[in-house]
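Given next are the chains, with one letter for each unit.
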Amino acid sequence: MAPTRDRSRTGSHPELHGHGLSLRPWDASSADDVDSWLRGMSDPEFRRWNTPLRPVTDRADARESLRARAQSATEGTSVSFRIADAGSGTVLGHIGVNEIRYHLKAARVGYWVLPEARGQGVATRALLLTARWALTGLGLHRLELDHAVGHEASCRIAERCGLRYEGTLRGATFQEGRHDAFRDAHLHARLATDPEPAGP
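Now for a look at the structure at hand.

Parameters and conventions
- Residues numbered from 1 in each chain as written.
- Predicted model: local features only at pLDDT ≥ 70, side-chain atom pairs only at ≥ 80, totals over all residues.
- Heavy atoms only, no water.
- Helix = DSSP H or I, 4+ residues; strand = E, 2+ residues; numbered from the N terminus.
- Rg over C-alpha atoms; globule rule 2.2 N^0.38 Å.
- Buried < 20%, exposed > 50% of the residue type's maximum accessible area, 1.4 Å probe, protein only.
- Contact = heavy atoms within 4.5 Å.
- Areas by Shrake-Rupley, 256 points an atom, 1.4 Å probe, with all protein chains shown as cover.
- Lys, Arg positive; Asp, Glu negative; His and termini not counted.
- Charge placed at Lys NZ, Arg CZ, Asp CG, Glu CD.
- Phe/Tyr/Trp six-rings, centres within 6.5 Å; stacked < 30°, edge-to-face > 60°.
- Core = buried A, V, L, I, M, F, W, Y, C linked by side-chain atoms within 4.5 Å.

**Side note on the overall build of the protein chain**
What the protein chain contains, in helices and strands, is 5 helices and 9 strands. The helix and strand sequence of the protein chain, counted from the amino end, reads β-β-β-α-α-α-β-β-β-α-β-α-β-β. Taken against the 2.2 N^0.38 rule, which gives 16 Å for 200 residues, the C-alpha radius of gyration of the protein chain at 16 Å falls within 12% of a compact globule. Referenced to the eigenvectors of the C-alpha coordinate spread, the extents of the protein chain come out at roughly 40 × 40 × 35 Å. Put simply, the protein chain has 200 residues, and 48% of those count as buried. When contacts within the protein chain are restricted to residue pairs at least 6 apart in sequence, those whose partners lie at least 24 apart make up 58%. Total accessible area on the protein chain is roughly 10,100 Å²; 49% of this is exposed by carbon and sulfur atoms. Distance from the positive charge centre (27 side chains) to the negative charge centre (25 side chains) of the protein chain: 3 Å.

In structure tokens:
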């Protein structure tokens, strides 16, 4: 099924539907959203590859983190989506368009998938859907994705979604669990003028 954009909105966020998924804004007032966010951000596999500036270790942290993301959406600097199964509504993960630079028509995308939803193509389907929206609905020219070197799954997902490997960024991201040491990252990107990849 080709991805489509639902015209309904929650605040300044669109809702996206396609590839068997439903993407909507996270809701800091929802206990289910807070619990899902906490599980995703505290998952050992997430923490292996990502070291947030502010760790999320409890429900209060999770709620505050979601409020900060809602504020960023209001300010137009990022858009964060809760990924759910279109049929059951089960939460599967997160995808966000971050560091939006309208003057350059560029942004960065990042995502995570809950442990029980891995191996089902969730990240690929969500990235296809979100990339198409970012490059059309947001009017961006360039969408970037970077990940720590060694995260081969992210490399494969990026390339399946048309975000080509462009090189290695030296010391571009934190080491696992540290803010005083760095590791290299791979940079991928897709332009609005690139051919749209086939569906999943």
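**Some words on the packing of aromatic side chains**
Scanning the entire structure with this criterion turns up 5 aromatic pairs. Consider the rings of Trp 26 and Trp 112, whose centres lie 6.1 Å apart with planes at 40 degrees: the pair is tilted. Of this pair, Trp 26 sits in the loop between strand E3 (21-25) and helix H1 (31-42) while Trp 112 is found in strand E6 (residues 106-113), placing the two residues 86 residues apart along the sequence. No difference in accessibility class separates Trp 26 from Trp 112, as the two residues are buried. Chaining the aromatic ring pairs together yields one cluster made of Trp 26, Trp 37 and Trp 112.

**Structural notes on the nonpolar core**
Counting residues in each nonpolar core, the largest one holds 33 residues, and the members touching the most others are Ile 95, Val 97, Leu 127, Leu 140 and Leu 143. Secondary structure elements with two or more residues in this core: E3, strand E4 (79-85), strand E5 (91-101), E6, helix H4 (122-136), strand E7 (142-148) and helix H5 (152-160). With 10 residues, the single largest contributor to this core is H4. Leaving out residues up to four positions away in the same chain, Leu 143 has contacts with Val 97, Ala 107, Arg 108, Val 109, Ala 131, Ala 134, Leu 135, Leu 163, His 188, Ala 189 and Arg 190. The next biggest cluster of nonpolar side chains, apart from the first, holds 13 residues, and it includes Trp 37, Leu 38, Leu 66 and Trp 112.

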